[in-house]
Structures are given as structure tokens and as C-alpha cells.
Amino acid sequence: MPAVTIDNPLSLPRVAAPADAVPRPVRGVTTAPSGFEGEGFPVRRAFAGIHYRHLDPFIMMDQMGEVDYQPGEPKGTPWHPHRGFETVTYIIDGIFDHQDSNGGGGTITNGDTQWMTAGGGLLHIEAPPEHLVVSGGLFHGLQLWVNLPAKDKMMAPRYQDIRGGSVQLLTSPDGGALLRVIAGELDGHAGPGITHTPITMIHATLAPGAEVTLPWREDFNGLAYVLAGRGTVGAERRPVHLGQTAVFGEGSSLTVRADDRQDSHTPDLEVVLLGGRPIREPMAHYGPFVMNTQRELQQAFEDFQAGRLGTIPAVHGMSEGGPRG
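Definitions and limits used
- Residues numbered from 1 in each chain as written.
- Predicted model: local features only at pLDDT ≥ 70, side-chain atom pairs only at ≥ 80, totals over all residues.
- Heavy atoms only, no water.
- Phe/Tyr/Trp six-rings, centres within 6.5 Å; stacked < 30°, edge-to-face > 60°.
- Helix = DSSP H or I, 4+ residues; strand = E, 2+ residues; numbered from the N terminus.
- Buried < 20%, exposed > 50% of the residue type's maximum accessible area, 1.4 Å probe, protein only.
- Pairing = 2+ DSSP bridges.

Undergrad: I would appreciate a short explanation of the packing of aromatic side chains in the present structure.
TA: Working definition: an aromatic ring pair is given by the centre-to-centre distance plus the angle between the planes. Within the structure shown, the criterion is met by four aromatic pairs. Where Phe-289 meets Phe-301, the ring centres are 4.9 Å apart and the plane angle is 90°; that geometry is what we call edge-to-face. You can see Phe-289 sitting in strand E26 (residues 289-291) and its partner Phe-301 sitting in helix H3 (residues 294-305), a full twelve residues away along the chain. Judged by relative accessible area, Phe-289 falls into the buried class, the value being 0%. Judged by its relative accessible area of 26%, Phe-301 falls in the partly exposed class. Taken together, the ring pairs connect Tyr-286, Phe-289 and Phe-301 into an aromatic cluster.

Written as C-alpha cells, this is what we have:
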């Protein structure tokens, strides 16, 4: 996993929860089912089976890969609409091109994040560049959907291109954990991602046997998803492994620990930690639209069918051969 690393974590600022912090208990652990997205790339549905009241403001998250494509195999998604939320695409290994009908987009690779605020609506495409299709190679990433409050659902679309080198790097007191703050803040250290809904998003790498207890905002929920490896969560040391999501209860700190021994192909425990302030509004979600009411959902489909969410550019630059899919 080449997503932003450092030779000496002890050179970084160190964070730890204060001694009087209230540990968050683990409400439950779920295992993500596997499926396929877009043109057929494999995903794990990280939040499947978790009630929305524990996820709010997060809607869904897919772990894309990890897959080592043979030449000609890399896949993406065809043009599709979005309205009413933000998509966060974090690439750990590999390369993805993005473009939308609003003129936004770009290429993201190892450790980069593309933060797309769909707002009132746009059309969007994600695909591997042509040279990667020809050569094949490793691909691994995440896509997270973050809800927008009703007042922001119809805002103008916006892109944030967050390069891996701009994330805030932190460590635990003993240097056993590398913490990449992509958005929000941790113990006063802010990541580069600008969010409409207050959230924190962290990619943590824990060496075998390492443990970290982090301060966590009490008005945020708390989630941990295992990208690779095995370990435990919570002070009660609830076991977790690849493809599992832990939901934390209330409190002011959360704990993650890596098992002393990891799998031979996974040297460390890799975890995504998420927290956000719940929006607590009605949600109507169907396909690529996330609104507050069924009538708003119907309007989104009508606007899409009428071309009001944009049109596919005649030359969109995703590859020399024109649009994929």
C-alpha cells in the first residue's frame, strides 16, 4: 500500500486521547458482502447491513479491489448522474481518471483523493487511463458517499483535488501508527479536505502489535473499516479483519490495535476511521440520487431524463478512443 508513507513516524506530531477520555464501546461488527460495480470491477460494500442511524451523515462506502489486473482487464464506470451528496474517491494503489459534465475532473493515483460535491446534479465518469488498460496492474481504493443537508443539496457542483502529499500526517506516542488525516481534524491537526457536513476521515496504518487510542469528538459518530490485516477495536478488544466495519457507541476516544502477527501478504493493519456529525434529516435514496423526500427523488429522475443534469462532452479526454462504457 504505497498511499503516503514516511520512514520515521516519530518525526511527526504525536496524538493520544487524554487519560480522562471516555472509551467508545463497540456496538457491533459487520462483514462487507462482495459485489461488482460499473463495468465489472470488484467491490466490498462496507456499510451493508448497518442501520443508517449509525452511519449518518455517511451513506455508503465501497472498497474497490484490491485487485491485480491482467492486461486488458482494468475497468471503470460509464457516464452516470449524481445529485444531493458528495463522493469521496481515495486511491491507494493504481490510477483513475475522472470527469464530469460541469468541466471538473482529473487523474488521481497513489494516495490521492478526489472530492466531488454533486450538489444540484451533474454527469460523471470514472475509468482507468488507456495505458493502464493496456498494461494491467494493481488497483485498490475507496469510494465514500457523504450526505448533504437539505439546505446544500442543490448547491453548485464543486471539485477538490487532494494530492497524497497534502494530507496531514500524525503518529501515536510510540510511533507504531501512521495516521493520514484526509479531511476534518484530529486533536487540532486539520486535513486538507473541505466538507459541508462536519466529518473526519483518517487512513491509519498500525504496525504488528501497535495500539492507538485517539481523541474523538463526542458529537460525531465513529466507524472503523479494515482495508487489510487483522486486529481489535475498542477497549474490549473486539476482533476485526479485512472487510469488516466496526460501529462505535458514545464516548470521547476510540481504540484500534493490530494483532501481533499479520498475514504474510499484509505486513500491517490498515484501517479507515470515519466520524461525522449526524444530519438527522429524512433521507430518500435511490441509485445515484440522495434527497430528503420521494418527490425530490422523482424530480431528480425527471431532471436527469430531461438533460438538466448536464450532457456528455463531445470530447471528454478520458481516453483516445472516446467515452468508455
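Undergrad: Any chance you could explain the pairing of strand E6 (residues 85-93) here in plain terms?
TA: Looking along a regular strand, one sees side chains alternate from face to face of the sheet. A large share of E6 lies buried, amounting to nine of its nine residues. In this structure, E6 lies alongside strand E11 (residues 137-147), joined through eight bridges in antiparallel fashion. What sits directly across from Thr-87, in E11, is Trp-145. Sheet topology note: the E6/strand E9 (residues 113-117) ladder contains five bridges and is antiparallel. Considered in E9, the bridge of Val-88 is made with Trp-115.

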